[in-house]
Amino acid sequence: MRDIVSVLVRYGFSDAVQRMGLASLMESAGRLLRIKEPSDLPKLDTPQRIRFAMEELGPTFVKLGQILSTRVDLFPPEWIAEFEKLQDRVPPVPFDKIRAQLTEDLDATPEEVFPYLETEPLAAGSIAQVHRARLNDGSEVILKIRRPDIRPVIEADLRLLARVAEIAENEIEELRHFHPKEVVRQFTLSLRRELDLISECQHMERIAGNFQDNPNIVIAKIYWQWTCERLNVQSFLQGIPGRELDAVEEAGLDRKILAQHGANAVLKMVLEDGFYHADPHAGNVLYLPDNHIAFLDFGMVGHLSEVRREQIIDLLNGMVNKDVTEVTEVLLSWASDTNVDTDILAIEIDAFLDSYHSVPLNQLKLSAMLGDITVILRNHQIALPPDLSMLFKVFITLEGLGRQLDPDFDMVETATPFLKKAVFARFKPEAIAKRGMRNLSSMIEILGGLPQDLRRLLSAAKRGTLQVHVDITRLENFGRQLDKSASRITVGLITSALIVGSSIVMTVSGGPTIMGLPLFGFLGFAAAGIGGIWVLISIYRGGRH
C-alpha cells in the first residue's frame, strides 16, 4: 500500500490519497515531501499521468488499464486512448526457470514430448509466454506457459485493488459514477479466467464449433493431452499478422474480402451465438491463404444472454432506423438504480438521431454513432451492465479494423442483414411459443408463492417484527467515526481519572516506593502519560485523514 501511495503522490494525486485516508501509510509527513515528481509532470494531463502511474505499478495494474480501455461508457475518448497505450512490457522468464514447472505439467521432460523446442519465446506477457515447438509426429505447435508462481502475486494485487476501490467509492464522491468496486470485480473475474489456460482452450473450442461450417474462419487446434491450467498446447498457425497490411497485398490477398469475412465472423459471434472474442484488434488476427482469417488469444471473451442480445439488436436497429423510442427504452433498461431524467434523455437521443437524419445508410459510421451514444450514457451517469461493457469497444474496434483493410468498408451495411435476420427470428412461431411458456411459468411461480408471502408479511406485521433494511455505506462510515471518537473520549476519561487518583495516592504515606515516590502513584501517572500520548496521536492522525 505504501508503494501504491508513493507512486500516486509522485504523479500528482496526493489530494486523492489524502481524501481516501491513505496518507497515514507514509512513514512521516516528511516522506511525502521527499517524493520527487517526474520532470515532465507539468506537461502531462490527467489521463497521461494515470497511464504512467499504472505502468510503474506493474503488470496487474497494466491489465486493469487494458480492461478500463473497454469501458467507453465510463471514460471519455482521451482516457480510452491512453489506456489503449498500456502494453505488457515484461521481460521473458529464462527457460531454465520454467523447465521444472513444464516437466511437472507434462509428466515428462520437455525434450521427450517436443523433440524440437525453441527456448527463446515468440512473445512474453505478464501472465504467460509463448514458445514454438514440434511434436513427435511432426506437428508444429506453440506452448503458452504461465509464469511460475504468478498466481499468489496476482491474488495479492487483486485483494489490494478491491480494498482501494472500496475506499475510493466510499470516500470520493466524484469517483462513484465510475463504479470502481464493480470495475475491479469485473477485472478480477477476467484476470482469474486468464490465469487458467484451460479456460482459454475451452473458449477456443466453443468458438471453433460455432464456425465448423465456415471455412473462412480458422481457430487453432488444442492438444488436450498436454494442456493443463498452466500450459496451453495448440497448433501453430502460419499467417500474416494483422498489422502488416503491406504484406497482405504482396501475398495476393483481397483486403475487401478479408474485411467482410472478419466483420461477418464477429457479428455472428455477437448477434447469433452470444459468445464472442472480446479483443479482435489487429494484433489478435492472422491473414491466411485463400483470404481466410485466424483469430488468436481467447483469454478475453464476452457472453451475452438471450435478453441482452435482444437489447443490443433493438439498440442497433433503433439507431439504424432512427427510432427514438426504441433507443431510449434500451438505455433506460440499462440505467438500473441510476436516477435518470427520462424527458431530457429522450430529447438528447432525439437530437442525436436527428443529426443522422439526412445521412444515407451507406455513409453512416457505426463507431461514430456508438461514440455519441456513450457520451449520452456518461452525461446521465448510466453505466453499461458488466456483460455489455466490452461490446461497444468490440464494435468500434471491428469497424476500425475493417476500414484499415478497406477504406470503403461499410459496417452498417454489413450489420443490417444480421439485424433483420435476428428481428425476423424473434417472431417465428417457435420463438413466440418459447417466450410465452417462459413468461407463463414465471407468472405461475409468482402467483403460487403469493399467498405464502402475504401470510408471512401479515404475520410479521402483527407480531411487530416487520423490519425494513436500508444499506447506506456513508452511515456505516459515520458510525465508524463515532466509534473512534467514543474510544478517544473513553481513553481520555480514564487518563483523567488516573491523573486525579495518582495525585491522591502521592499524598498518602507508607507503602512501596520507587525513586522515593509511591509506587502505585508512579504507575498511575505512567499509565496516564501513555493514554494521553495515544489520544494525541489518534487526534493527529484523524486530522490528517
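Each value, and the rule that gives it
- Residues numbered from 1 in each chain as written.
- Predicted model: local features only at pLDDT ≥ 70, side-chain atom pairs only at ≥ 80, totals over all residues.
- Heavy atoms only, no water.
- Core = buried A, V, L, I, M, F, W, Y, C linked by side-chain atoms within 4.5 Å.
- Buried < 20%, exposed > 50% of the residue type's maximum accessible area, 1.4 Å probe, protein only.
- Helix = DSSP H or I, 4+ residues; strand = E, 2+ residues; numbered from the N terminus.
- Contact = heavy atoms within 4.5 Å.
- Pairing = 2+ DSSP bridges.
- Axes fitted to C-alpha atoms, helices over the stretch in contact; angles between N-to-C directions.
- Parallel < 35°, antiparallel > 145°, perpendicular 65-115°, else oblique.
- Left-handed = near helix turned anticlockwise from the far one by under 90°.
- Nonpolar A, V, L, I, M, F, W, Y, C, P; charged D, E, K, R; others polar.
- pLDDT = per-residue confidence, 0-100.
- Salt bridge = Lys/Arg side-chain N within 4 Å of Asp/Glu carboxyl O.

## A short note on the nonpolar core
Okay, so step 1: By size, the foremost hydrophobic cluster in this structure holds 108 residues, and its most contacted members are Tyr276, Tyr287, Phe295, Met319, Trp334, Phe392 and Phe395.
Okay, so step 2: Top element by residues in this core is helix α13 (residues 255-273). It accounts for nine residues.
Okay, so step 3: When sequence neighbours within four positions are dropped, the list of residues in contact with phenylalanine 392 reads Val72, Leu315, Trp334, Leu370, Ile373, Thr374, Leu377 and Leu384.
Okay, so step 4: Grouped together as the second largest cluster of nonpolar side chains are 18 residues, Val93, Ile98, Ala108 and Ile145 included.

## Examining the pairing of strand β10 (residues 292-295)
Okay, so step 1: The side-chain alternation of β10 yields two buried faces, one formed by His292 and Ala294 and the other by Ile293 and Phe295.
Okay, so step 2: Where strand β5 (residues 217-218) meets β10, two bridges bridge the pair, whose relative direction is parallel. Looking at β10, one finds that isoleucine 217 is bridged to isoleucine 293.
Okay, so step 3: Relative to β10, strand β9 (residues 285-288) runs antiparallel, the two being bridged by four bridges. Its bridge partner lying in β10, tyrosine 287 is registered against isoleucine 293.
Okay, so step 4: Between β9 and β10, which pair antiparallel in sequence order, lie three residues; one of them, aspartate 290, sits at a positive phi of approximately 65°.

## Focus on unusual backbone geometry
Okay, so step 1: In the Ramachandran plot, asparagine 291 falls in the positive-phi region, its phi being about 60° despite a non-glycine side chain.
Okay, so step 2: As for its position among the elements, asparagine 291 is in the loop between β9 and β10.
Okay, so step 3: A residue is classified by how much of its surface remains accessible, and asparagine 291, at 14% relative accessible area, is buried.
Okay, so step 4: One non-glycine residue, aspartate 297, lies in the positive phi region at around 55°.
Okay, so step 5: Checked against the element boundaries, aspartate 297 lands in the loop between β10 and β11 (301-303).
Okay, so step 6: What makes aspartate 297 partly exposed here is its relative accessible area of 37%.

## A look at the packing of helix α1 (residues 2-10) against helix α4 (residues 46-57)
Okay, so step 1: α4 packs onto α1 with a crossing angle of 150° between their chain directions and a minimal axis gap of 10 Å. Judged by the inter-axis angle, α1 sits roughly antiparallel to α4. Crossing geometry of α1 relative to α4 is assigned as right-handed. The residues of α4 that touch α1, namely those facing Asp3, Ile4, Val7 and Arg10, are Ala53, Glu56 and Leu57.
Okay, so step 2: Looking at the contact of α1 with α4, its residues break down into four nonpolar, no polar and three charged.

## Points about the confidence of the model for the protein chain
Okay, so step 1: In the predicted model, the protein chain carries a mean pLDDT of 81, and the fraction of residues at 70 or more is 88%.
Okay, so step 2: Ranking the elements of the protein chain by mean pLDDT puts helix α3 (residues 29-34) last with 49 and strand β6 (residues 231-235) first with 95.

## Some words on the pattern of salt bridges
Close approach of charged atoms allows side chains with opposite charge to pair.
Okay, so step 1: Across all of its chains, the model carries 24 salt bridges by this definition.
Okay, so step 2: Glutamate 82 is the salt-bridge partner of lysine 85, the closest N and O atoms lying 3.1 Å from each other.
Okay, so step 3: Judged by relative accessible area, which is 40%, lysine 85 ranks as partly exposed.
Okay, so step 4: A single salt-bridge network, built from bridges that share partners, covers Arg146, Arg151, Glu155, Arg192 and Glu229.

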